[in-house]
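Close look at the chain arrangement
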Amino acid sequence: MKLEFVEPEGWETPSGYVNGVLVPAGAKLLFVSGQIAWDADQVLVGKGDFAAQFRQALVNVLAVIDAAGGEPTHVASLTVFVKDKHQYLASVKTLGAIWRELVGRHYPAMALVQVADLLEKDALVEIQAVAAIG
């Protein structure tokens, strides 16, 4: 099963994401709930450390995908919710390295949304995903 990436003709190629992903017929869609930086015991990892929380939240997303029989390249869409976009921007190089370590060079459709707050008191980031598993 291979996702098809869609870019409108004449647009600049984006860096770190794609503008659209077409899922092939017959793929199963997995909707992953927003994941924060909890470990398996629901203890928040990396209090005050944006990059550490991003890593753990992404690890959690990938664990759900793995539990459904998928792999990182099955991620079709990702939404990253942050409390402070400046923390995200200040960490972007580190986040890119974390992404390449855990996901490789697969870049799905993505959105970054700054929110007023997250449900967990000390959470800095929450990641929600859609995966297409063939």
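Residues numbered from 1 in each chain as written. Predicted model: local features only at pLDDT ≥ 70, side-chain atom pairs only at ≥ 80, totals over all residues. Heavy atoms only, no water.

Here's the deal with the overall build of the protein
A tally of regular secondary structure across the protein gives three helices and six strands. Along the chain direction, N to C, the helices and strands of the protein fall in the order β-β-β-α-β-α-α-β-β. Rg of the C-alpha trace for the protein: 15 Å, near the compact-globule value of 14 Å for 134 residues, within the 12% margin. Each principal axis of the C-alpha atoms in the protein carries an extent, and together these give about 40 × 35 × 25 Å. Relative to its 134 residues, the protein shows a buried fraction of 37%. Counting only contacts in the protein whose residues sit at least 6 apart along the sequence, the fraction spanning at least 24 positions is 75%. If you sum the accessible surface of the protein, you get close to 7,700 Å²; carbon and sulfur atoms cover 53% of it. Taking the average location of the 10 positive side-chain charges in the protein and that of its 15 negative ones, the two points are 4 Å from each other. (Helix = DSSP H or I, 4+ residues; strand = E, 2+ residues; numbered from the N terminus. Rg over C-alpha atoms; globule rule 2.2 N^0.38 Å. Buried < 20%, exposed > 50% of the residue type's maximum accessible area, 1.4 Å probe, protein only. Contact = heavy atoms within 4.5 Å. Areas by Shrake-Rupley, 256 points an atom, 1.4 Å probe, with all protein chains shown as cover. Lys, Arg positive; Asp, Glu negative; His and termini not counted. Charge placed at Lys NZ, Arg CZ, Asp CG, Glu CD.)

Comments concerning the packing of aromatic side chains
Here the structure, examined in full by the defined rule, presents two aromatic pairs. Ring geometry for Trp-99 versus Tyr-107: centroids 6.4 Å apart, planes at 15 degrees, classification stacked. The class of Tyr-107 is partly exposed, set by a relative accessible area of 22%. (Phe/Tyr/Trp six-rings, centres within 6.5 Å; stacked < 30°, edge-to-face > 60°.)

Focus on the nonpolar core
Counting 24 residues, the largest nonpolar core has Phe-54, Leu-58, Ile-65, Leu-78, Val-80, Val-125 and Ile-127 as its most contacted members. Of all elements in the fold, only strand S3 (28-35), helix H1 (50-67), strand S4 (75-82), helix H3 (92-102) and strand S6 (125-133) reach the threshold of two or more residues within this core. In terms of residues, this core owes the most to one element, H1, which gives eight residues. Sequence-distant contacts of Val-125, defined by excluding residues within four places in its chain, comprise Gln-35, Ile-36, Phe-50, Gln-53, Phe-54, Val-80, Phe-81, Val-82 and Leu-118. Counting six residues, the second-largest nonpolar core is a separate cluster that includes Ile-36, Ala-37, Leu-44 and Ala-123. (Core = buried A, V, L, I, M, F, W, Y, C linked by side-chain atoms within 4.5 Å.)

Quick look at the pairing of S6
Note: S3 against S6, six bridges, orientation antiparallel. When the bridges of S6 are listed, Phe-31 appears paired with Val-130. (Pairing = 2+ DSSP bridges.)

A look at the sheet that holds S6
With mixed pairing, the four strands of this open sheet are ordered in space as S3-S6-S4-S5. The strands lining the two open edges of the sheet, one partner per strand, are S3 and strand S5 (109-114). Neighbour-to-neighbour, the strand axes of this sheet turn through a mean angle of 10 degrees, independent of strand direction. Direction of pairing for S4 relative to S6: antiparallel, over a ladder of seven bridges. (Axes fitted to C-alpha atoms, helices over the stretch in contact; angles between N-to-C directions.)

Here's the deal with the side chain of His-106
Here His-106 shows up in the loop between H3 and S5. With a relative accessible area of 9%, His-106 lands in the buried category. Within the structure, His-106 has its side chain in polar contact with the backbone oxygen of Thr-73 (distance 3.5 Å). One polar contact links the side chain of His-106 to the main-chain carbonyl oxygen of Val-75, over a distance of 2.7 Å. Aside from chain neighbours lying at most four places away, what touches His-106 is Leu-3, Phe-5, Pro-72, Thr-73, Val-75 and Trp-99. (Polar contact = N/O pair within 3.5 Å; in protein donor to acceptor, adjacent residues only side chain to side chain.)

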